[in-house]
Amino acid sequence: MTILILGGSASGKSKIAEDTICSLCSSRKYYIATMKVGNDEENIERVAKHREQRREKNFVTIECPSNIENALKEMDTQKNVLLECVSNLTANEMFFGTEITSIEDTVNNVVNGIKTLAKECDNLVIVSNNIFESGSEYDESTRDYIKALGQINRELIDVSDEAYEAVVGIKVRIK
Amino acid sequence: MKLIIGGYAQGKLDYVIKKYNIDEKNVFDYELPTKEELESRSGSKIVINTLHRIIKKRIKEGGRPEEEIASFVKKNPDCIIICDEIGNGIVPMDPFERVYRERTGRILISLAENAEEVERIICGIPQKIK
């Protein structure tokens, strides 16, 4: 079973995603963390908060900021996986090479990586962001990033059995 | 308490005014009503409009919007709260804007948990999500 959870910032999507994978599997699960934490205090705080939420829920964390299929190498035969999140993964694939990766290559890398993962997993819950409704104007590379993530979300929802949007902490079914 | 959310200019306030037959003098923007304002409207349904602006203002003033709003709702369990959805964009460069989005989102999650009903308005049309 593959389930996609979308949501804006502070929409409660992480908690919904954790509850979802926990309802599918009560034993050990894998948590694929995609964020490059660095030295940013806000990020460190955010990661600490998410770790706290996952504590005692039986998650093994795999850090995998790009080439997401590599996370499979660190798993055993039982694969119940929470991937958080596609927006970080997309930014890492697009911006953290020596030059900016094109929209097309970024979409292919992310989507193919996640499809490989989905094929191997017993259950996969994917978290992605809604960054599409602020109405603000952005520079070209940010616009490219938004386009890439929009296309990735559309392709991921195609391969998902179910999809939900997190809205003020409430799970709203969209597929 | 009922919570109404949605994007900017989606007709949230108009929807609430029509549905509950609200007198506009009972609608509060920018600030939570004072004790005196509430006493003079005793028995009427109170609407807090643009909660996100109240949150932003109180964060700027160094206030504690989380506690202030929770305490207001506790004292006014029949109120209606309207708030824009502001978290569905690119993470802002400005640190204050990031904090504002994060705190507004968390406040809404907590209000939604306690709300008897949550509706999301798009083009003036409600979707009941709780």
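Residues numbered from 1 in each chain as written. Chains lettered and ligands numbered in written order. Predicted model: local features only at pLDDT ≥ 70, side-chain atom pairs only at ≥ 80, totals over all residues. Heavy atoms only, no water.

## A closer look at the environment of A:Glu63
Residues and elements named next belong to chain A.
Right, so step 1: Structurally, Glu 63 can be placed in strand S3 (residues 59-63).
Right, so step 2: Using a relative accessible area of 44% as the deciding quantity, one classes Glu 63 as partly exposed.
Right, so step 3: Considered as a pair, Glu 63 and Ile 170 are 107 residues apart in the sequence and their alpha carbons are 28 Å apart.
Right, so step 4: Aside from chain neighbours lying at most four places away, what touches Glu 63 is Ala 33, Met 35 and Arg 51. (Helix = DSSP H or I, 4+ residues; strand = E, 2+ residues; numbered from the N terminus. Buried < 20%, exposed > 50% of the residue type's maximum accessible area, 1.4 Å probe, protein only. Contact = heavy atoms within 4.5 Å.)

## As for the sheet that holds strand S7 (residues 170-173) of chain A
Residue and element names in this part refer to chain A.
Right, so step 1: The strand order across the open sheet formed by seven strands is S3-S2-S4-S5-S1-S6-S7, and the pairing between neighbours is mixed. Strand pairing shows two members of the sheet lacking a second neighbour, S3 and S7, which therefore form its edges. The average undirected angle you get between the axes of adjacent strands in this sheet is 25 degrees.
Right, so step 2: Both strand S2 (residues 29-33) and strand S4 (residues 80-84) contribute to a ladder of four bridges, which runs parallel. Along S4, the bridge assignment pairs Tyr 30 with Val 81. (Pairing = 2+ DSSP bridges. Axes fitted to C-alpha atoms, helices over the stretch in contact; angles between N-to-C directions.)

## Considering the side chain of A:Ser9
Right, so step 1: Looking at where A:Ser9 falls in the secondary structure, it is placed in the loop between strand S1 (2-7) and helix H1 (13-24).
Right, so step 2: For A:Ser9, a relative accessible area of 15% corresponds to the buried category.
Right, so step 3: With residues up to four places along the chain from it excluded, the contact list for A:Ser9 reads B:Gly87 and B:Arg101.

## What about the environment of A:Glu74?
Right, so step 1: Inspection of the secondary structure puts A:Glu74 in the loop between S3 and S4.
Right, so step 2: For the pair formed by A:Glu74 and A:Ile103, sequence separation is 29 residues and the distance between their alpha carbons is 29 Å.

## Overview of H1(A)
Side chains of residues three or four places apart in an α-helix project in the same direction, reflecting 3.6 residues per turn.
Right, so step 1: In this model, H1(A) (12 residues) spans 17 Å end to end at C-alpha, consistent with the 16 Å of a helix rising 1.5 Å per residue.
Right, so step 2: Considered for burial, the residues of H1(A) that qualify are A:Lys13, A:Ser14, A:Ile16, A:Ala17, A:Glu18, A:Thr20 and A:Ile21. (Expected span 1.5 Å × (residues − 1).)

## Notes on the interface of chain B and chain A
Right, so step 1: Between chain B and chain A, the contact holds 18 residues from the first and 23 residues from the second.
Right, so step 2: With both chains or domains summed, chain B and chain A bury close to 1700 Å², and 56% of this area falls on carbon and sulfur atoms.
Right, so step 3: Considering only the side of chain B, the residues that lose the most area to chain A are B:Asn88, B:Ile90 and B:Ile129, jointly responsible for 37% of the buried surface there.
Right, so step 4: Between chain B and chain A we count one salt bridge in total.
Right, so step 5: A salt bridge links A:Glu165 to B:Arg120, with the shortest nitrogen-to-oxygen separation between them at 3.0 Å.
Right, so step 6: Remark: the boundary between chain B and chain A carries six residue pairs in polar contact (both at pLDDT 80 or more).
Right, so step 7: The set of elements that each furnish at least two residues to the side of chain B that touches chain A consists of helix H5 (95-114) and strand S5 (117-122) of chain B.
Right, so step 8: The element contributing the most residues to the side of chain B that touches chain A is H5(B), with eight residues.
Right, so step 9: Taken together, the residues of the side of chain B that touches chain A sort by class into seven nonpolar, four polar and seven charged. (Buried area = accessible area lost by both parts, 1.4 Å probe. Salt bridge = Lys/Arg side-chain N within 4 Å of Asp/Glu carboxyl O. Polar contact = N/O pair within 3.5 Å; in protein donor to acceptor, adjacent residues only side chain to side chain. Nonpolar A, V, L, I, M, F, W, Y, C, P; charged D, E, K, R; others polar.)

## A word on unusual backbone geometry
Right, so step 1: Cis geometry marks the peptide bond from A:Glu84 to A:Cys85, where omega comes out at -10 degrees.
Right, so step 2: Relative to the assigned elements, A:Cys85 resides in the loop between S4 and helix H3 (86-95).
Right, so step 3: If you check the backbone angles, A:Ala10 has positive phi at about 50 degrees while not being a glycine.
Right, so step 4: Looking at the secondary structure, you find A:Ala10 in the loop between S1 and H1.
Right, so step 5: Assessed through its relative accessible area of 7%, A:Ala10 is described here as buried.
Right, so step 6: With a phi close to 55 degrees, B:Asn21 is a non-glycine residue in the positive phi region.
Right, so step 7: Here B:Asn21 lies in the loop between helix H1 (12-20) and strand S2 (27-28).

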